[in-house]
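# Notes for the structure review
So you can see what is in the structure, the chains are spelled out below.
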Amino acid sequence: MSVLPLVFTSGWASGINAYAVVLLLGVFGATGISDEVPASMQRTDVLVVAGVLFLCEAVADKIPYVDSLWDSVHTVIRPIAGAVVAALLAGQSGSLPELAAGAVGGSTALMSHLVKAGTRMAVNTSPEPFSNIAVSTAEDLGVAGIITFAIFHPLAAAIIAATLLVLGIVILAFLASRIRRFLRRRAQRREEKRLAGTRSHWPPG
């Protein structure tokens, strides 16, 4: 499939910021920069919704702990978005190539999402918020850059995306201990809140 490199790259990017992928591809298609983008992604309502959700993510993704909550909610959304975008890029409704593209896009999005979510948990172990802002900004710029690059050089972009995915998995393995500490602290805070709530309902004396 000649569209497979773009499918893989869009899947990787969707796992990080699915709304940015839909918005960028839609704009590239609507402006005539690319003829690979289906008309359904170029619709004004799709672009408006994707733009609003992108702005919401741009804010939530830079706030400590809120970013991890946002990632949890998007554990299902991002892989589905990656699969849908990939299937639309493949075209030929109901065809085997479309189904294969959807599987590639969805699975790649899931892997990159898990890397992103795990990395954010590790970043949240630091007390200051600036690392969250820096990482989020780098992710946004990375998605924008690689999707733009993929429109003109899909194979090279797919190689870069694959390399970044592998590097992300390796880095995540090194950060595993910090992530476990983050999860333990979060569970401890929840237990403390639960105990505090229980004590507040006890009768005085």
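Here goes a summary of the coordinates provided. Because the structure is a prediction, the values reported are computed rather than measured.

Calculation criteria
- Residues numbered from 1 in each chain as written.
- Predicted model: local features only at pLDDT ≥ 70, side-chain atom pairs only at ≥ 80, totals over all residues.
- Heavy atoms only, no water.
- Helix = DSSP H or I, 4+ residues; strand = E, 2+ residues; numbered from the N terminus.
- Buried < 20%, exposed > 50% of the residue type's maximum accessible area, 1.4 Å probe, protein only.
- Contact = heavy atoms within 4.5 Å.
- 1 Å grid on protein atoms, 1.4 Å probe; cavity = no way out; pocket = protein on both sides within 12 Å on 5 of 7 lines; lining within 4 Å.
- Points joined across faces, edges and corners; volume = space filled by probe spheres on them.
- Nonpolar A, V, L, I, M, F, W, Y, C, P; charged D, E, K, R; others polar.
- Core = buried A, V, L, I, M, F, W, Y, C linked by side-chain atoms within 4.5 Å.
- Expected span 1.5 Å × (residues − 1).
- Patch = residues over 30% accessible without salt bridge, like charges linked within 9 Å, V, L, I, M, F, W, Y side chains within 5 Å.
- Areas by Shrake-Rupley, 256 points an atom, 1.4 Å probe, with all protein chains shown as cover.
- Salt bridge = Lys/Arg side-chain N within 4 Å of Asp/Glu carboxyl O.
- Lys, Arg positive; Asp, Glu negative; His and termini not counted.
- Charge placed at Lys NZ, Arg CZ, Asp CG, Glu CD.

Here we take up the overall build of the protein. The number of helices and strands found in the protein is seven helices and zero strands. Along the protein, from the amino end to the carboxyl end, the secondary structure elements read α-α-α-α-α-α-α. With the C-alpha coordinates aligned to their principal axes, the bounding extent of the protein is approximately 75 × 35 × 30 Å. A burial count over the protein gives 43% of its 205 residues as buried. The contacts of the protein with a sequence gap of at least 6 include a subset with a gap of at least 24, amounting to 74%.

A few words now on the layout of surface pockets. If you add up the space inside the largest pocket, you get close to 400 Å³. Lining the largest pocket are 15 residues, with Ile-16, Val-115, Glu-139, Leu-164 and Gly-168 sitting closest to its centre. Every element with two or more residues in the lining of the largest pocket is listed here: helix 1 (4-30), helix 4 (96-123), helix 5 (130-152) and helix 6 (154-174). Considering each element in turn, the lining of the largest pocket owes the most residues, five residues, to helix 6. Within the lining of the largest pocket, the residues separate by chemical class into nine nonpolar, four polar and two charged. When its volume is computed, the second largest pocket comes out at roughly 160 Å³. Along the walls of the second largest pocket sit Ala-18, Tyr-19, Val-22, Ser-40, Met-41, Val-46, Ile-77, Ile-80, Ala-81, Val-84, Val-85 and Leu-88, which together make up its complete lining.

Trp-12, Val-21, Leu-25, Val-85, Leu-89, Val-143 and Ile-147 are the most contacted members of the largest nonpolar core, which totals 30 residues. When residues of this core are traced back to their parent elements, those giving at least two are helix 1, helix 3 (66-90), helix 4, helix 5 and helix 6. With 11 residues, the top contributor of residues to this core is helix 1. If near-sequence neighbours (up to four positions away) are discounted, Ile-147 is found in contact with Thr-9, Ser-10, Ala-13, Val-21, Leu-24, Leu-25 and Phe-28. Core analysis: the second largest hydrophobic core is formed by five residues, Ala-122, Leu-175, Ile-179 and Phe-182 among them.

Before going further, it helps to examine helix 2 (residues 44-60). In a regular helix each residue adds 1.5 Å, so 17 residues correspond to 24 Å; helix 2 covers 24 Å between its end C-alpha atoms and thus fits that length. Every buried residue of helix 2 is listed here: Leu-47, Ala-50, Gly-51, Glu-57, Ala-58 and Ala-60. Buried-residue contacts for helix 2 involve helix 1 and helix 3.

Positive charge collects at one region of the surface, where Arg-178, Arg-180, Arg-181, Arg-184, Arg-185, Arg-189, Arg-190 and Lys-193 lie side by side. With respect to the secondary-structure elements, Arg-184 resides in helix 7 (residues 176-200).

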